[in-house]
Amino acid sequence: MFTLHHLNDSRSQRIAWLLELADVEYEIKSYRRDPKTSLAPEELKRLHPLGTAPLITHNGVTFAESGAICEYVAMQSAQQLMPDHGTTAYIHTSFWSHYAEGSFLPPLVTAMVINKARARVPFFIKPIANKLLDAIMNAYFNKAIQRNFLFTEKYLENKTWLVGNSPTIADVQMSFALEAVYDAGRLEKFPNMRNYVERLRTTESFINAMAKLKDAETA
Ligand SMILES: N[C@@H](CCC(=O)N[C@@H](CS)C(=O)NCC(=O)O)C(=O)O
């Protein structure tokens, strides 16, 4: 039995989808972000020193990091989610599952933090602060975001899933990132990414995962 420690509006959504795809027995324990700071509650720190979500408990061990969780669940119980070592499919699956957290999400998270900072700048220094923040964004982060979008859009041409004909941990990892940019309305010019998100949201495993998360959040 796997226990998923889930935080509302967080990466733990993708792990619920992973567990559905893996077709394993699991339960969800739900935690809520602090409404003022959006940070995770202290209870998560009691489970793991990082205090972030997702966390998973299996065979008495609780651990963090979506990518590590994906690899563990695939190896333990769902080899169909991770192609065999040494194959080209393995290389692509490994690439996309690392790329999601390693390259695609970091500049987007930075943009989110910078936008939050903009909103808090006192009005009398807003013009200067905005210029500075724009310069920081344009020097690196906007370029990285654009590069990632163009790369992912091109890769998804004529593809249903990232690797092969059914979802793998590559899709699980990228799902959260692509859903986030879809929901932020940033995919107007990226039909392949948009269609991908719409497609994954209509799969039975994804619908079941979201329903179970909702039940756990409202229990
Ligand atoms: N790279 C980690 C990121 C974990 C992470 O930052 N989780 C966020 C939710 S999406 C969190 O717990 N934030 C609350 C906090 O930092 O207090 C992973 O993929 O699991």
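Residues numbered from 1 in each chain as written. Predicted model: local features only at pLDDT ≥ 70, side-chain atom pairs only at ≥ 80, totals over all residues.

Colleague: Looking at this structure, I do not really get the overall build of the chain. What am I missing?
Modeller: A tally of regular secondary structure across the chain gives eight helices and four strands. Starting at the N terminus and walking to the C terminus, you meet the elements of the chain as β-α-β-α-β-β-α-α-α-α-α-α. Here the C-alpha radius of gyration of the chain, 18 Å, is about what a compact globule of 219 residues would show, namely 17 Å. Principal-axis analysis of the C-alpha atoms gives the chain an extent of 55 × 45 × 30 Å. (Helix = DSSP H or I, 4+ residues; strand = E, 2+ residues; numbered from the N terminus. Rg over C-alpha atoms; globule rule 2.2 N^0.38 Å.)

Colleague: Would you mind showing me how to read the pairing of strand E2 (residues 26-31) here?
Modeller: Two faces make up the sheet, and in a regular strand the side chains alternate between them. Here six bridges tie strand E1 (residues 2-7) to E2, and the two strands are oriented parallel to one another. Within E2, the position partnered with His 5 by the bridge is Lys 29. Each parallel crossover has a hand, and for E1 linked through helix H1 (residues 12-22) to E2 it is right-handed. (Pairing = 2+ DSSP bridges. Right-handed = clockwise from strand over helix to strand, strands pointing away.)

Colleague: Hey, could you run me through the environment of Ser 175 in this one?
Modeller: In this fold, Ser 175 is placed in helix H6 (residues 169-183). Residue class for Ser 175 comes out buried when judged on the 24 C-beta atoms lying within 10 Å of it. In this structure, the C-alpha to C-alpha distance between Ser 175 and Ala 135, residues 40 residues apart in sequence, is 30 Å. Apart from the residues within four sequence positions on either side, Ser 175 is in contact with Arg 14, Trp 17 and Leu 200. (Buried ≥ 20, exposed ≤ 12 C-beta atoms within 10 Å, placed from the backbone. Contact = placed C-beta atoms within 7 Å.)

Colleague: What exactly am I supposed to notice about helix H8 (residues 204-218) here?
Modeller: Every α-helical turn comprises 3.6 residues, leaving residues that sit three or four positions apart pointing alike. For H8, with 15 residues, the first-to-last C-alpha span of 21 Å sits near the 21 Å given by 1.5 Å per residue. Those residues of H8 that are buried are in contact with E1, H1, E2 and helix H7 (191-201). (Expected span 1.5 Å × (residues − 1).)

Colleague: Help me understand the environment of Met 75 in this model?
Modeller: Examined against the element boundaries, Met 75 turns out to sit in helix H3 (residues 66-77). The exposure class assigned to Met 75 is exposed, which follows from the 11 C-beta atoms found within 10 Å. For the pair Met 75 and Asn 165, spaced 90 residues apart in sequence, the C-alpha separation works out to 19 Å.

Colleague: Would you take a moment to explain the site of the ligand for this structure?
Modeller: Lining the immediate surroundings of the ligand are Leu 7, Ser 10, Arg 11, Leu 39, Ala 40, Thr 52, Ala 53, Pro 54, Ala 64, Glu 65, Ser 66 and Glu 101. Of the residues in the shell around the ligand, the class split is six nonpolar, three polar and three charged. (Near = placed C-beta within 6 Å. Nonpolar A, V, L, I, M, F, W, Y, C, P; charged D, E, K, R; others polar.)

Colleague: Would you take a moment to explain the sheet that holds strand E3 (residues 55-58) for this structure?
Modeller: What holds strands together in a sheet is hydrogen bonding between their backbones, with the strands either parallel or antiparallel. Across the sheet, four strands lie side by side as E2-E1-E3-E4; this open sheet has mixed pairing. Either end of the sheet is taken by a strand with one partner, and the two such strands are E2 and strand E4 (61-64). Going from strand to strand, the sheet's axes swing by 20° on average, the running direction of each strand aside. Strands in contact with H1 are E1, E2 and E3; relative to E1, the strand with the most contacts, it is inclined by about 150°. Along the sheet, H8 contacts E1 and E2; its crossing angle with E2, the most-contacted strand, is approximately 50°. (Axes fitted to C-alpha atoms, helices over the stretch in contact; angles between N-to-C directions.)

Colleague: Could you clarify how one ought to interpret the nonpolar core in this entry?
Modeller: Note on soluble globular proteins: their nonpolar side chains tend to be buried together. By size, the foremost hydrophobic cluster in this structure holds 47 residues, and its most contacted members are Leu 4, Ala 16, Leu 18, Leu 19 and Ala 177. For this core, the element with the most residues is H6, which contributes eight residues. Inspection of this core shows a minimum of three residues originating in each of domain 1 (2-82 + 206-218) and domain 2 (88-203). Non-local contacts of Leu 19, meaning those with residues more than four positions away in its chain, are made with Phe 2, Leu 4, Val 24, Tyr 26 and Val 73. (Core = buried A, V, L, I, M, F, W, Y, C linked by C-beta atoms within 7 Å. Domains from an automatic or database assignment.)

Colleague: Which parts of the structure should I look at to understand the domain arrangement of the chain?
Modeller: In many analyses, interface size is given as the accessible surface area lost on bringing the parts together. Per the domain assignment, the segments making up the chain are domain 1 (2-82 + 206-218) and domain 2 (88-203). Here domain 1 and domain 2 have C-alpha centroids that lie 21 Å from each other. Taken together, the 15 residues of domain 1 in the interface contact 14 residues of domain 2. Listed by contribution, the elements that provide at least two residues to the side of domain 1 that touches domain 2 are H1, H3 and H8. Class assignment of the residues belonging to the side of domain 1 that touches domain 2 gives a composition of nine nonpolar, three polar and three charged.

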